[in-house]
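Structure at a glance
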Amino acid sequence: MPKLVKITTFMDDKVGRGSAERELTKLVNDGWEIITAGGGGKDGAPIWGFVVLMKNDPDAVLPD
């Protein structure tokens, strides 16, 4: 079955984390499955993150 993939990014600060949690809650409740996540930062730089999600979609058009 065809699948859709989505990558969402966020900054790990008060605003970014809260926004990411709300977005991920909506996506997971809409049938998206979290596949993996990661992130990082440098000395003094904000920490950033990403989450890869996947969802079955029988109507998805596969790329060539």
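Here the structure is a predicted model, which means the values were calculated and not measured.

**Thoughts on the pairing of strand S3 (residues 48-56)**
Two elements, strand S1 (residues 3-11) and S3, share nine bridges in a ladder whose sense is antiparallel. By the bridge assignment, Ile 7 is partnered in S3 with Val 52. Here strand S2 (residues 33-40) runs beside S3; their pairing, made up of seven bridges, is antiparallel. When the bridges of S3 are listed, Gly 39 appears paired with Gly 49.

**Let's talk about the sheet that holds S3**
Strand pairing in a sheet relies on backbone hydrogen bonds. The paired strands run either parallel or antiparallel. In spatial order, the strands read S1-S3-S2; together these three strands make up an open sheet with antiparallel pairing. Lying at the two open borders of the sheet, with one neighbouring strand each, are S1 and S2. For this sheet, the mean angle separating the axes of adjacent strands, direction not counted, is 15°. Along the sheet, helix H1 (residues 14-29) makes contact with S1, S2 and S3, crossing S1 at roughly 165°.

**Focus on H1**
Compared with an ideal rise of 1.5 Å per residue, which puts 16 residues at 22 Å, H1 spans 23 Å between its outermost C-alpha atoms and is within 8% of the ideal. Among the residues making up H1, those that are buried are Gly 16, Gly 18, Ala 20, Leu 24 and Leu 27. With its phi angle positive at about 100°, Gly 31 sits one or two positions after the end of H1.

Reading guide: rules and limits
- Residues numbered from 1 in each chain as written.
- Predicted model: local features only at pLDDT ≥ 70, side-chain atom pairs only at ≥ 80, totals over all residues.
- Heavy atoms only, no water.
- Pairing = 2+ DSSP bridges.
- Helix = DSSP H or I, 4+ residues; strand = E, 2+ residues; numbered from the N terminus.
- Axes fitted to C-alpha atoms, helices over the stretch in contact; angles between N-to-C directions.
- Contact = heavy atoms within 4.5 Å.
- Expected span 1.5 Å × (residues − 1).
- Buried < 20%, exposed > 50% of the residue type's maximum accessible area, 1.4 Å probe, protein only.

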